[in-house]
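Residue-level structural notes
Listed here are the chains, written in short residue letters.
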Amino acid sequence: MTRNVPDLIDTLDDGALKKLFGRSLLQTDDGSNEDIEAVCRLSEAFEGLDRRGHSMALFPNELNYAMFFDSSTRTKSSWAGAAARLGAQPVIVDGSSTQVAHGETAEETGAMLGMNAHALGIRHDLILGEGQSFMRSAKKGIDAYLEATGNERIVPVVNLQCDVDHPTQTLADLIWLRECFPEGLAGKTMAITWAYSPSYAKPLSVPQGLIRLMTRAGMHVRLAHPEGYGLMPESIADAKKYATASGGSFTQTPGMDGAFKGADIVYPKSWGPYDLMLERIEANREHDQEEMQRIEEAALERNSRFRDWICDERRMGLTAKGKAKYLHCLPADIGAEVSSGVMERFRVDLARQANKKVYVIMSLLAVAKCRDLKDRLLTCATDTAT
């Protein structure tokens, strides 16, 4: 990033930022194209301020609370880094250690956290039909409590991955691609493919979020996966709709090679078989751990039938001039999803891609909580860097 920071801030659309005030974008679908552009530009401005050592402590002495019902490395550290840069105190807890595990509803949880927290992040991604619903109910509980007590605080909820979408990840991916292709993304070809994993049946939310967001950028998006690994039908329908509106395209191809051929960008990662992910719903509802384990083992056995779905040097050679950008949300199963050679070649780029998430989270928090955000950022830019 080489642009002058005040110039970056000047490009922010103040009207677009104000439209996001008080809102929680729990899916990228919740935002218009104008909203998405505003978040991207704001994230780029935050990164510029951060790289140059400017203080961005917009929310001192505030508590940013996050609950994770699934494992995380990058997103946890991104939440903590975003909160710290904004002057807030991050607190991150294992969701299973809360009273949710004992039957407390999402609305109750939201109300309790709304008493003390100034922002709430949630990862709830393992069970279809639950994560996104939980987040919206928690937000409803927060807002109901604040209204009942006459408290004018705004407590945004940030989706740190659910069953439907992973917006902080896909927005970070989009911002990274904007940096990689400054001439624009419209007309670029992106392959989003399944890849073999022996580790666990991974959530569907990343590929679902990608096909919905990247088609909005006017890209030619290709989705490829083995039979039985389809995505939620709603995400497919949305991808087609957005591709039509943007002038891009969305196609489903039967093989990994076909998806990679001539692609400018490739994003191969694993996710669980759709029918088995559906079976998890009832087993989880009944708290049947034996059945959950059986489903997991069945998913891994199914995965093992497609060990040849790997991003390796041969497949990278099929891409546009053999020079496609390789993206992954990480961690990637090296030797399964991706060869060690490809991973080593893109190791630094993958770290840079992941780092964008810090600034996306900062943007989603700041734009929801700060009505005069552009003016505040201009003040930050003129302060002496530390």
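Higher on the page you've got the structure.
Let us look at the structure shown here. (Residues numbered from 1 in each chain as written. Predicted model: local features only at pLDDT ≥ 70, side-chain atom pairs only at ≥ 80, totals over all residues. Heavy atoms only, no water.)

**Some thoughts on the pattern of salt bridges**
Opposite charge on two side chains makes pairing possible when the charged atoms of those side chains draw close. The line we're drawing: Salt bridge, as used here, is a side-chain nitrogen of Lys or Arg placed within 4 Å of a carboxyl oxygen of Asp or Glu. Here the term buried applies to any residue with accessible area under 20% of the maximum for its type, exposed to any over 50%, and partly exposed to those in between, with areas from a 1.4 Å probe on protein chains only. Where helices and strands are cited, they refer to DSSP runs of H or I of at least four residues and of E of at least two residues respectively, numbered from the N terminus.
Inspection of every chain in the model, using the stated rule, returns 32 salt bridges. Glu183 serves as the salt-bridge partner of Lys188, at 2.9 Å between the closest nitrogen and oxygen. When its relative accessible area of 55% is taken as the criterion, Glu183 is described as exposed. Salt-bridge contacts for Asp349 lead to Arg352; the nearest nitrogen and oxygen are separated by 3.9 Å. Pair noted here: Asp349 and Arg352 are both in helix α15 (residues 347-369), with a separation of 3 residues, about one helical turn. A relative accessible area of 39% places Arg352 in the partly exposed class. Within this structure, Glu47, Arg51, Glu179, Lys325, Asp349, Arg352 and Lys356 form a network of salt bridges that share partners.

**What about the layout of surface pockets?**
Let me state the cut-off plainly: For cavity detection a 1 Å grid was placed over the protein atoms alone, and a set of points counts as a cavity when a 1.4 Å probe fits there but cannot get out; an open set counts as a pocket when protein lies on both sides within 12 Å along at least five of seven lines, with lining residues being those that have an atom within 4 Å of a point. Grid points are joined across faces, edges and corners, and a volume is the space filled by probe spheres set on the points.
Its volume calculated, the largest pocket comes out at about 770 Å³. Lining the largest pocket are 25 residues; nearest its centre among them are Phe69, His124, Ile127, Glu130 and Asn284.

**Considerations on the packing of aromatic side chains**
Note the threshold: Think of it this way: a Phe, Tyr or Trp ring, Trp meaning its six-membered ring, pairs with another when their centres are within 6.5 Å, and the plane angle makes it stacked under 30 degrees, edge-to-face over 60, tilted otherwise. Comment: the charge-over-ring label is applied if NZ (Lys) or CZ (Arg) is within 6 Å of the ring centre and within 35 degrees of the ring normal.
Following the criterion strictly, the structure yields 6 aromatic pairs and no others. Judged by centre distance (5.5 Å) and plane angle (75 degrees), the rings of Phe69 and Phe134 are edge-to-face. Pair noted here: Phe69 is in the loop between β1 (63-68) and α4 (74-85) and Phe134 is in helix α6 (residues 131-148), with a separation of 65 residues, a long-range link. Pairing Tyr229 with Phe306 gives two aromatic rings, centres 5.9 Å apart and planes at 90 degrees, and the pair type is edge-to-face. Taken together, the residues Tyr229 in the loop between β6 (220-224) and α9 (233-246) and Phe306 in the loop between α12 (289-303) and α13 (313-316) connect sequence positions 77 residues apart. Members of the aromatic cluster, joined through ring pairs, are Trp194, Tyr229, Phe306 and Trp309. Here the guanidinium or amino end of Lys76 rests over the ring plane of Phe68, the centre of that ring lying 5.6 Å away. Directly above the aromatic system of Tyr242 lies the positively charged group of Lys241, at a separation of 4.8 Å from the ring centroid.

**With respect to helix α11 (residues 274-285)**
Counting along an α-helix, one turn takes 3.6 residues, and residues three or four places apart therefore face a common direction. The criterion, for reference: In a helix, the anticipated span is given by 1.5 Å times the number of residues less one. In this analysis, two residues are considered to be in contact whenever any of their non-hydrogen atoms come within 4.5 Å of each other.
Compared with an ideal rise of 1.5 Å per residue, which puts 12 residues at 16 Å, α11 spans 18 Å between its outermost C-alpha atoms and is within 8% of the ideal. Within the span of α11, buried status applies to Leu276, Met277, Arg280, Ile281 and Ala283. Along its buried surface, α11 packs onto α12. Phi turns positive, to about 55 degrees, at His287, one or two residues after α11.

**Describing the sheet that holds strand β7 (residues 249-253)**
Threshold: Whether two strands pair comes down to DSSP finding at least two bridges between them.
Pairing in this open sheet of 5 strands is parallel, and the strands run β7-β6-β5-β8-β9 from one edge to the other. Each edge of the open sheet is held by one strand with a lone partner, namely β7 and β9 (325-326). Alignment of β6 against β7, held across 5 bridges, turns out to be parallel. Residue Ala224 lies in a different strand from β7, and its bridge partner there is Thr253.

**Some words on the nonpolar core**
To keep things clear, this is the line we draw: We define a nonpolar core as any set of buried Ala, Val, Leu, Ile, Met, Phe, Trp, Tyr and Cys residues linked to one another through side-chain atoms lying within 4.5 Å.
Of all hydrophobic cores here, the largest spans 123 residues; its most connected members are Phe46, Leu58, Met190, Ile211, Met316, Tyr326 and Leu377. It is α15 that contributes the most residues to this core, 10 residues altogether.

**A short note on the pairing of β1**
The side chains of a regular strand alternate between the sheet's two faces. The criterion, for reference: A right-handed crossover is one whose linking path, passing over the helix from the first strand to the second, runs clockwise when the strands point away from the viewer.
Most of β1 is tucked away: 5 of the 6 residues are buried. In the sheet, β1 pairs with strand β2 (residues 89-94) via 6 bridges, with the strands oriented parallel. By the bridge assignment for β2, Tyr65 is matched with Val91. In this fold, the crossover linking β1 to β2 by way of α4 has right-handed handedness. Where β1 and strand β3 (residues 119-124) come together, 5 bridges link them in parallel fashion. Opposite Met67, over in β3, you have Ile122 as the bridge partner.

**Description of the environment of Ile142**
With respect to the helices and strands, the residue Ile142 is situated in helix α6. Distance from Ile142 to Pro156, taken between C-alpha atoms, is 8.9 Å for residues 14 residues apart in sequence. Setting aside its immediate chain neighbours within four residues, Ile142 contacts Gly110, Ala111, Gly114, Leu120, Val155 and Val157.

**Quick look at the side chain of Ser24**
Under the convention used in this document: Here a polar contact means two N or O atoms within 3.5 Å. Within protein one must be a hydrogen donor candidate and the other an acceptor candidate, and residues neighboring in sequence count only if both atoms are side-chain atoms.
Within the fold, Ser24 resides in the loop between α2 (14-19) and α3 (33-51). For Ser24, a relative accessible area of 17% puts it in the buried group. Here the side chain of Ser24 touches Val157 through a polar contact of 3.0 Å, landing on its backbone nitrogen. If we skip the residues at most four places from it in the chain, Ser24 touches Asp30, Lys139, Pro156 and Val157.

**So, the pairing of strand β8 (residues 265-269)**
Most of β8 sits out of view: 5 of its 5 residues are buried. Residue alternation in β8 divides its side chains into two sets, Ile265, Tyr267 and Lys269 and Val266 and Pro268, and both sets are buried. Of the strand pairs in this sheet, strand β5 (residues 189-194) and β8 are connected by 5 bridges, and their pairing is parallel. Note that in β8 the partner of Met190 across the bridge is Ile265. As judged from the 2 bridges shared by β8 and β9, these two strands associate in the parallel manner. What sits directly across from Val266, in β9, is Tyr326.

**Observations regarding unusual backbone geometry**
In this structure, the amide linkage connecting Leu330 to the following residue, Pro331, adopts the cis form with an omega of 0 degrees. Of note, Asn61 is a non-glycine position whose phi angle comes to about 65 degrees, a positive value. A relative accessible area of 77% places Asn61 in the exposed class. Here the phi dihedral of Gln161 falls at roughly 125 degrees; this positive angle occurs in a residue that is not glycine.

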